[in-house]
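Okay, here's what each chain looks like letter by letter:
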Amino acid sequence: FGSRLSWRAGSAGVMQLEQSAMTACRTALGWESRVQRSWPGRLKRILKAGIIIPMILVEWACILLFFTFIVWFEVWVIYDWGGCREFNLLAATENWGCKSADQLRGVKGLVVGALPSICEGVFFELLLVISKFSARSLISVYDFSTREQSDFAVVLMVFIFEVVGKVGFISILGLGFVPAWSTGHWTECRDNF
């Protein structure tokens, strides 16, 4: 009988500990305030999410357009303005010898050939400023209980924007200029690996 009594006392202590942990979690996560929200509060949260998603998509679309422009600007500088297209077509070899504007245009080709890279570097710095501004604007719509939570949310948003910006550029290069691997049927791709 004594062991049953100590087990009940022990289980009551465990239950009290569990209840205390659940209360601490609910308080830390703000569960009680979330459960008690009214329909206008829920509608306000939905509208906030409705603002954030289009802003993120617009920023990503701008990044995509700029990097696409930079890549095609680089191609134009080398092959059209630099004259490499005509030079390589007249050479009539499979291995193109002219791959930069300075080969045919000299110092002027070197300067103009550097412009796309300079624009890209400036845009990477501008992208950081735009990402910080967008993140602060989006996070300011939300209420946080501490400044640390707000700062963490801003840093997280900036990180997401920056990763998408950098990976987006590499993706455009990779997908926009993938060589033709086959003539049509998907089984021919295996032979190229």
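From a predicted model like this one, the values you see are computed outputs, not experimental measurements.

Draft legend 1. Structural view of the overall build of the protein. The helix and strand tally for the protein stands at eight helices and zero strands. In the protein, the succession of helices and strands from N to C terminus is α-α-α-α-α-α-α-α. Evaluated residue by residue, the protein yields a buried proportion of 21% over its 193 residues. Carbon and sulfur atoms provide 69% of the accessible area of the protein, an area that totals close to 14300 Å².

Draft legend 2. The nonpolar core, seen in detail. Judged by nonpolar contacts, Ile 52, Ile 56, Ala 135, Leu 138, Ile 139, Ala 153, Val 154, Met 157, Val 158 and Phe 161 together constitute the single largest core of ten residues. Apart from the residues lying within four places of it in its own chain, the contact partners of Ala 153 are Ile 139 and Phe 144.

Draft legend 3. Spatial organisation of the pattern of salt bridges. Within this structure, the stated rule accounts for three salt bridges. A salt bridge links Glu 86 to Arg 85; the nearest nitrogen and oxygen atoms lie 3.2 Å apart. Exposure remark for Glu 86: the relative accessible area of 37% places this residue in the partly exposed category. Taking the relative accessible area as the measure of exposure, Arg 85 reaches 38% and is therefore partly exposed. Between Arg 147 and Asp 151 there is a salt bridge, and its shortest N-O distance comes to 3.4 Å.

Draft legend 4. Fine view of the packing of helix H3 (residues 39-81) against helix H4 (residues 84-91). Following both chains from N to C, one finds H3 and H4 inclined at 50 degrees, their axes separated by 5 Å at the closest point. Considering the angle they form, H3 stands oblique to H4. Taken together, the residues of H4 that come into contact with H3 (itself represented by Ile 78, Tyr 79 and Asp 80) are Cys 84, Arg 85, Glu 86 and Asn 88. Considering only residue class, the contact of H3 with H4 consists of three nonpolar, one polar and three charged.

Draft legend 5. Here's a closer look at the state of the cysteines. Counted by the stated rule, this structure contains one disulfide. In this model Cys 84 forms its disulfide with Cys 98; the gap between the sulfur atoms is 1.9 Å. Measuring the twist about the S-S bond at about -45 degrees, one finds the Cys 84-Cys 98 disulfide to be left-handed. Separated by 14 residues along the polypeptide, Cys 84 in helix H4 and Cys 98 in the loop between H4 and helix H5 (102-105) bring together distant segments of the chain. A relative accessible area of 0% places Cys 84 in the buried class.

The rules behind the values
Residues numbered from 1 in each chain as written. Predicted model: local features only at pLDDT ≥ 70, side-chain atom pairs only at ≥ 80, totals over all residues. Heavy atoms only, no water. Helix = DSSP H or I, 4+ residues; strand = E, 2+ residues; numbered from the N terminus. Buried < 20%, exposed > 50% of the residue type's maximum accessible area, 1.4 Å probe, protein only. Areas by Shrake-Rupley, 256 points an atom, 1.4 Å probe, with all protein chains shown as cover. Core = buried A, V, L, I, M, F, W, Y, C linked by side-chain atoms within 4.5 Å. Contact = heavy atoms within 4.5 Å. Salt bridge = Lys/Arg side-chain N within 4 Å of Asp/Glu carboxyl O. Axes fitted to C-alpha atoms, helices over the stretch in contact; angles between N-to-C directions. Parallel < 35°, antiparallel > 145°, perpendicular 65-115°, else oblique. Nonpolar A, V, L, I, M, F, W, Y, C, P; charged D, E, K, R; others polar. Disulfide = S-S within 2.5 Å.

On their own, these measurements won't tell you what the molecule is for.
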